[in-house]
Structure formats: C-alpha cells, structure tokens
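Below, each chain spelled out in residue letters.
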Amino acid sequence: MLFKNKAKDTRKLVQSGNASLVLGTDLEVEKQIKMIHLTEEDLEIAKALQPFVEKNLAVLVERFYQNLENQPSLLHIINDHSSITRLKQTLTVHISEMFAGVINSHYFEKRKRIAHVHVKIGLQTKWYMCAFQDLLLSLITIIEESLTDREEIFQSVRSVTKILNLEQQLVLEAYDLETERLKQEVEKEKEMIRESISESSQNLAAVSEETNASFQEIINKSEQITSLANRANKLSTLAEERSQKGKEQINNQDINLTNIQQSVSDITEDVKVLHDISTQMQEIVNIVTGIADQTNLLSLNAAIEAARAGEAGRGFAIVADEVRKLSDDTKKSVSNVANLILNTNTQVDKLKLSLDTIQIEVEQSSISMKETNNYFEEILTTMNQTKKQNYEINQELSKFIRVINELGEAFEEVATSADNLTSITQEMQK
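Here the structure is a predicted model, which means the values were calculated and not measured.

(A) Representation of the overall build of the protein within the structure. Counting secondary structure elements, the protein contains 10 helices and 2 strands. For the protein, buried positions account for 30% of its 430 residues. Across the protein, every contact between residues at least 6 apart in sequence was considered, and the portion connecting residues at least 24 apart equals 85%. Entry remark: accessible area of the protein is about 27,400 Å², with carbon and sulfur atoms responsible for 55%.

(B) Quick look at the side chain of S146. Looking at the element boundaries, S146 is found in helix α8 (residues 125-146). At 2.6 Å, the side chain of S146 forms a polar contact with the backbone oxygen of I142.

(C) Layout of the pattern of salt bridges. Taken as a whole and assessed by the stated rule, the structure comprises 5 salt bridges. Notably, a salt bridge pairs D42 with K162, separated by 3.3 Å at the nearest N-O pair. Of this pair, D42 sits in helix α3 (residues 40-55) while K162 sits in helix α9 (residues 150-309), and the two are 120 residues apart along the sequence. According to the relative accessible area criterion, D42 is buried, its value standing at 7%. Between E97 and K110 there is a salt bridge; the shortest N-O distance is 2.7 Å.

(D) Just a negative patch on the surface, in detail. A surface patch of like charges, here negative, comprises D26, E28, E173, D176 and E180. Residue contributions to the negative patch peak at 3 residues, all from α9. By secondary structure assignment, the location of E28 is in helix α2 (residues 27-35). For E28, a relative accessible area of 48% corresponds to the partly exposed category.

(E) Here's a closer look at the packing of aromatic side chains. For the structure on display, the rule yields 1 aromatic pair. Here Y107 and F108 contribute two aromatic rings whose centre-to-centre distance is 6.3 Å and whose plane-to-plane angle is 80°, an arrangement assigned as edge-to-face. Like F108, Y107 is buried.

(F) Geometry of α3. Given a rise of 1.5 Å per residue, 16 residues ought to cover 22 Å, and the 23 Å separating the end C-alpha atoms of α3 matches this to within 8%. Where α3 bends most, the angle comes to about 40°, and this point is L49, followed within four residues by the proline P51. Considered for burial, the residues of α3 that qualify are D42, L43, E44, I45, A46, A48, L49, Q50, F52 and V53.

(G) Fine view of the environment of I45. Here I45 is to be found in helix α3. Exposure remark for I45: the relative accessible area of 2% places this residue in the buried category. Each C-alpha atom, one on I45 and one on F99, is 8.6 Å from the other, the two residues being 54 residues apart in sequence.

(H) A nonpolar patch on the surface, seen in detail. Together, V273, L274, I277, M281 and V337 line one region of the surface with nonpolar side chains, adding up to about 380 Å² of accessible area. For the nonpolar patch, the element with the most residues is α9, which contributes 4 residues. Looking at where V337 falls in the secondary structure, it is placed in helix α10 (residues 314-429). For V337, a relative accessible area of 34% translates into the label partly exposed.

(I) Seen up close, the nonpolar core. Ranked by size, the top nonpolar core spans 39 residues in total, and within it L49, I95, F99, I103, L139 and V160 carry the most contacts. Residue assignment for this core shows that the elements contributing at least two residues are α2, α3, α4 (57-68), α6 (84-98), α7 (105-121), α8 and α9. With 8 residues, the top contributor of residues to this core is α8. Among all residues touching I95, those that are not within four sequence positions of it are V53, L57, L60, V61 and L135.

(J) Up close: the side chain of Q50. Position of Q50 among the secondary structure elements: in helix α3. By relative accessible area, Q50 is classed as buried at 12%. Here Q50 is in contact with S96, F99 and A100, once residues within four sequence places are set aside.

(K) Representation of unusual backbone geometry within the structure. Unlike most non-glycine residues, H37 shows phi in positive territory, near 60°. Following the sequence through the fold, H37 ends up in the loop between α2 and α3. The exposed category is assigned to H37, whose relative accessible area is 56%.

(L) View of α2. V29, Q32 and I33 are the residues of α2 that are buried. Summarising the axial view, the buried residues of α2 lie within an arc of 95°, below the 170-degree limit, and thus occupy one face. Opposite the buried face of α2, at more than 90 degrees from it, the exposed residues are L27, K31, K34 and M35. One or two steps after α2, the chain reaches H37, where phi turns positive at roughly 60°.

(M) A look at the environment of E361. Looking at where E361 falls in the secondary structure, it is placed in helix α10. Separated by 100 residues in sequence, E361 and Q261 place their C-alpha atoms 9.4 Å apart.

(N) Local environment of the confidence of the model for the protein. Of the residues in the protein, 84% have a pLDDT of 70 or more, and the chain-wide mean is 76. Considering each helix and strand of the protein separately, the mean pLDDT is smallest for helix α1 (residues 11-14), with a value of 45, and largest for α3, with 90. pLDDT under 50 marks residues 1-15. Its contacts with residues more than four places away, or in other chains, come to 36 contacts.

What counts as what
Residues numbered from 1 in each chain as written. Predicted model: local features only at pLDDT ≥ 70, side-chain atom pairs only at ≥ 80, totals over all residues. Heavy atoms only, no water. Helix = DSSP H or I, 4+ residues; strand = E, 2+ residues; numbered from the N terminus. Buried < 20%, exposed > 50% of the residue type's maximum accessible area, 1.4 Å probe, protein only. Contact = heavy atoms within 4.5 Å. Areas by Shrake-Rupley, 256 points an atom, 1.4 Å probe, with all protein chains shown as cover. Polar contact = N/O pair within 3.5 Å; in protein donor to acceptor, adjacent residues only side chain to side chain. Salt bridge = Lys/Arg side-chain N within 4 Å of Asp/Glu carboxyl O. Patch = residues over 30% accessible without salt bridge, like charges linked within 9 Å, V, L, I, M, F, W, Y side chains within 5 Å. Lys, Arg positive; Asp, Glu negative; His and termini not counted. Charge placed at Lys NZ, Arg CZ, Asp CG, Glu CD. Phe/Tyr/Trp six-rings, centres within 6.5 Å; stacked < 30°, edge-to-face > 60°. Expected span 1.5 Å × (residues − 1). Bend = angle between axes of the 7 residues up to and from the residue. Core = buried A, V, L, I, M, F, W, Y, C linked by side-chain atoms within 4.5 Å. Arc of directions from axis to C-beta. pLDDT = per-residue confidence, 0-100.

Shown next, in the form of structure tokens:
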C-alpha cells in the first residue's frame, strides 16, 4: 500500500469549477483533444487528485528514477547533460502541473520545450514512452490506493489516461517537429555539402585536366630536353674524338717541328762549315793572287833581262811574256773566284740569318704547339666531364619523366575520382 489515507468522494471536487481548458486558435490541438474526449471535467478530476499525487510525489519520482537504473544508456545521457537531483526537481514540478487542472498556451509551450530538450540530448522516443507508461502505472496505483469508489477510480483513471495521452501527443508532436526541423537542417547541410562537393569535384576535374595537360606538356618538354641531352652527349663524344685527333695531329706537328728544328740545326752547322770553306778558299785565292802578282813581277823582270840579252834572250823574252799573260789571266780568274767567294759568303750570311730566324720561329712554334697541346688536354678533360654530366642529366631526366608519368597517372585517377564524385553528387540530388 502506497497510500494510507483514502478520499471519501471526488465528485464534490469535480463540480468545483476550478479547471481551465484554453485551446486558443490551434485547430489541430482542438481536434486532438476532441478525439481523446478530454474535457474540463477531466481536468477537474485531475485537480481533485492533485493532493493525493503531491502527497506521494516524492515516492513517485524516486520510483521513476529507480526504474531508469535498468537502462544504463539513459543514466549515461542524464549524467552527460544534467544530474539525477536536478531532473527529480524538474519531474516533480512537471507532474504537479499535470494535476493543476489548467491546460493553456503556457502548458503547450512547456511541453514543446521538453521535446526540444529530448531531441537535443539524444533521448529516443521509445524510452520516453516507456517512462510515461511507468508513470501511468504509478499514478493508477496512487488512484487505487487513494479512492474507494470503483466508479470514481475508473473515472479518475480515464481522466489521468487522457491527460497523459495529451501530454505524450504534445511532446511527441513537438519531438517530431523538432526532429523534422533538425532533419531539414541536416538536409540543407547535406545539400550545401553536395553543392560544395559538386563544385569541388568540378573544380577538381578542371584542375586535374589542366594539371594533366600541364604534365603532358612537361613530358613533351622533358622528352625534348632528353633528346637535346642525347644530342649534346653525341656532340660531346664527337668533340672528344675530334679533340683527340687534333691532339694527335698536334703531337705529329710537334714531332715534325722537332725534326725541322733538328734539320735547321744541321743546315746551320753545314752553313758554318761552308762559310769556313769559303774563308779557306778566300785565303787560297789570296795566296794565288799573291803568287800571280809575284809571277807577273818575275815575268816583267825576266822580260827586262831578256831585252838586255838581246837576240840571245829573245826566246826567253817570249816565254816571259807568255808567263806574264798567264799570270794576268790567273789573276783575273782568281779575282773572279774571289768575287764568287765573296758573293757566296754574302749568301751564306743571309742563309745563316734566315736559318736563325727559322730556328727562332720553329722554337716559338714548338712552344705554341705545346700550349695548343695543353689546350687540347683541357678540352679533352672538359669533354669527359661534359659527357659524364650529360649522362647524369640523361639519367635524372629519365627518372624525372618516370615520376611525371606516375604523377600523370595519379592525376588521371584523381580526374576519374572527381567524375565519380560528380556522379555520386548528382545521384544524391535525385
């Protein structure tokens, strides 16, 4: 037994006129109330039951929350958004208002707020219905324990059932409206997301196409660069070969210059010998000239002596004259030879100067050849380095092209994904 004191008669309270049912202009609520046959008389009965309910309200509320312990998820929701103590106070006021005998706009608005809170905290409607069923059973128990007349019990149960049904209708309707509102907001967000996805997918597709075109252009440029690098490598190889041949020719020229230098040295030595011979010949010519002069003088003396000898010296005079003639001829010939030797010496001196000049030029050419050979050595070294760099560039370009191709394939996949995303967005909009 929950209640010890029982009421004697509720009909007196029903006829008190303390109830108030104000519907206002809400036709839907009016239809709902008519369908469940809720009247001001039912509110007067609820008002009559209020003392019994308030007398046992603490026990009623405690039993209500003890029943929640059977569902841990509900306790989890309560602890996340409020507390058991606070909700007990709220439920106490709520039940007391249900038996106040007044239903008006304030009553309706408060039930709507309750529904909004239920939606906000994530309470499912099934748990709300279960809670009200438990509350109804508790209230029936209070009625049965508080009243003695069977008809009054039935009438009270019907009135309380109507009030709780209206309570549930108001809350569930507000619950549905709030849920629909949230659903519409979600749909709006989904629509915005779809539009954003559609726009992003279109932009992504456009960017992918542009990027793919750019990558194709990069690939073409890379292939051109690779072709140029290969061509540069071939040119470097050709330049290296030609430099090597030039170096070999320079070496041959250096050998030839060395041979020329040696030949010029030999000719210079031969010219010196020829000059010495010419000098010796000049000395001989001088000797012969001296002999011719002495012979001429002797022939002159012989002629003078022959003339003194008269007829006896006539033959000797002839001989002396012939000797003088031979001496003159010899002197002339020797003079011609001397001139020739002088001319020869002049030409030998000129030849010596020319050979000295050639010797100097050959030496300078030899130096230049060595410098040119060093240049060719540097060219060959540079060509080798260039070949290595071209090879490395070619390798890096090959890797770069592979990476570009992989990126191009990736962007093609992105473009395909963007198209698929656009299709999915269009399907979502249907």
